[in-house]
Amino acid sequence: MNFLEVLRTAAFALRGNWLRSALTSLGVIIGIAAVIVMVSVGQGTQAEIDKLVSGLGSNRLDISPGAGRPMGGVRMSASSFFTINEGDAEAIRRDIPEVQYVASSLRGGTQVVYAENNWSTQWQGVQADFFAIENWEIASGAEFEPRDYSSAAKSVIIGETLRRELFGDEDAIGQTIRIGRVPFIVVGTLEPKGQGGWGQDQDDILLVPLETARRRLMGAMALPPGAVQQITLGVADADDLSYVQGEVEALLRQRHRIQPGAEDDFRVRNIAEIIETRTSTTRLMSLLLGAVATISLVVGGIGIMNIMLVSVTERIREIGLRMAVGAGPSDVRRQFLAEAMLISLIGGVLGIAIGVVGALAVGQVSDLPVALNGRVIALAAGFSICTGLFFGYYPARKASQLDPIEALRQQ
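Analysis parameters
- Residues numbered from 1 in each chain as written.
- Predicted model: local features only at pLDDT ≥ 70, side-chain atom pairs only at ≥ 80, totals over all residues.
- Heavy atoms only, no water.
- Helix = DSSP H or I, 4+ residues; strand = E, 2+ residues; numbered from the N terminus.
- Polar contact = N/O pair within 3.5 Å; in protein donor to acceptor, adjacent residues only side chain to side chain.
- UniProt positions renumbered as here; feature names shortened; annotations may be inferred.
- Core = buried A, V, L, I, M, F, W, Y, C linked by side-chain atoms within 4.5 Å.
- Buried < 20%, exposed > 50% of the residue type's maximum accessible area, 1.4 Å probe, protein only.
- Contact = heavy atoms within 4.5 Å.
- Patch = residues over 30% accessible without salt bridge, like charges linked within 9 Å, V, L, I, M, F, W, Y side chains within 5 Å.
- Areas by Shrake-Rupley, 256 points an atom, 1.4 Å probe, with all protein chains shown as cover.
- Salt bridge = Lys/Arg side-chain N within 4 Å of Asp/Glu carboxyl O.

Peer 1: Which residues make up the side chain of Asp-265, and what values go with them?
Peer 2: Along the chain, Asp-265 turns up in the loop between α8 (241–255) and β12 (266–270). A distance of 2.8 Å separates polar atoms of two side chains, one belonging to Asp-265 and the other to His-256.

Peer 1: Explain the UniProt feature "transmembrane region" (unreviewed entry) in the chain residue by residue, including any values.
Peer 2: Under the local residue numbering, the UniProt record ascribes the feature "transmembrane region" (unreviewed entry) to residues 21–41, 287–312, 340–362 and 374–394. Annotated as residues 340–362, this span is 100% helix and 0% strand, and its ends, taken at the C-alpha atoms, are 31 Å apart.

Peer 1: So what's going on with the environment of Met-341? Which residues, and what values?
Peer 2: Its place among the elements puts Met-341 in helix α11 (residues 329–365). Spatially, the C-alpha atom of Met-341 lies 8.3 Å from that of Ser-384, the residues being 43 residues apart in sequence.

Peer 1: Mind laying out the nonpolar core, listing which residues take part and the relevant values?
Peer 2: Of all hydrophobic cores here, the largest spans 43 residues; its most connected members are Ile-63, Ile-92, Val-156, Ile-177, Leu-206, Leu-233 and Val-248. Beyond its immediate chain neighbours, meaning those up to four positions away, Ile-177 contacts Val-112, Val-113, Tyr-114, Val-156, Leu-166, Phe-167, Val-182, Pro-183, Phe-184, Val-186 and Leu-206. Core analysis: the next-biggest nonpolar cluster, separate from the first, contains 20 residues, Ile-304, Met-323, Ala-340 and Ile-343 among them.

Peer 1: Talk me through a nonpolar patch on the surface; I want residue IDs and the actual numbers.
Peer 2: On the surface, Trp-18, Leu-19, Leu-23, Leu-26 and Ile-30 cluster together into a nonpolar patch covering about 560 Å² of accessible area. Along the polypeptide, Ile-30 turns up in helix α2 (residues 18–56). Among the residues examined, Ile-30 registers a relative accessible area of 48% and is labelled partly exposed.

Have a look at this one:
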């Protein structure tokens, strides 16, 4: 029997018991659809992690105040202390050559007013390296001049969201806005970034020189001389992050006169480690989701094997007749293997269609990220073919090993 005759014979046999064949393929349909949906969700989540990496930068360290030292038996929160300062930043810049960029910053919330428009936003007082560390580019206007940083100039650079809410289609450059009660001149606008990896609007931002923030925006808050809320470092080579982190911690402990065994009054956060942890967790969840979907596919394959074994038992006399008129064991084996693969392929095609529709539906009705691509579909098709071959081989082999004489005696 040639290939077409084998397929025609297999299709005829399945059509004779179409309801049983449809129910048998249901397991494969569910398994393939589950594989596509689960893997698509896993890949979509991984894509979100990659977006987070690109948004935060994988070669940076953030230094913030730690929990304050105990005073009178009471331990104060980190927000109660300003334990890092510009001197720490300058020492890092001077003593650790692997650090490429250093930027101290202060931040807070405020109401911004222009003419009859107003908007509540977040301001940040920054140093020159801040733009390189955060990958901010100027859309119009210019960055702060060096003298702006030293003279506490009333200059401001605004993000796209703030520009749109305050100025609409009007040119913002050179306009005067009020931050709280202080007038500022808009000297630049930032290129839009969109939503950040944590879900925040990155464009709802207002930047001023660090000394300007300290003198004009911190209000009645009494800051120690040179105190800052955060120091951000940019490392030229991401492979040096762990080394730089250790050097920074040792330098700050020395500068802050922290005794051996005492707790640090600062925290160094390695963005790469946080992202790697989230990536590993997401990868593990994707594997678990894929394993659950694969179990469904294995259950469907077992159903195929079961039905094919039943079919062999029901058709023993037919097998005997085929062998009696010249069919060899290989012909019988190919016939039953073709039937198993046909069930699996039909289930695979329907499962792929349902899985694609299901993945798109999940992306529409939920917040789960979905990344559907051709590799997922090819993987599902490969699973379908392998399921038919693996679970159909044993029944086909059993049918090919029947004794023709004993098969013909079956009623």
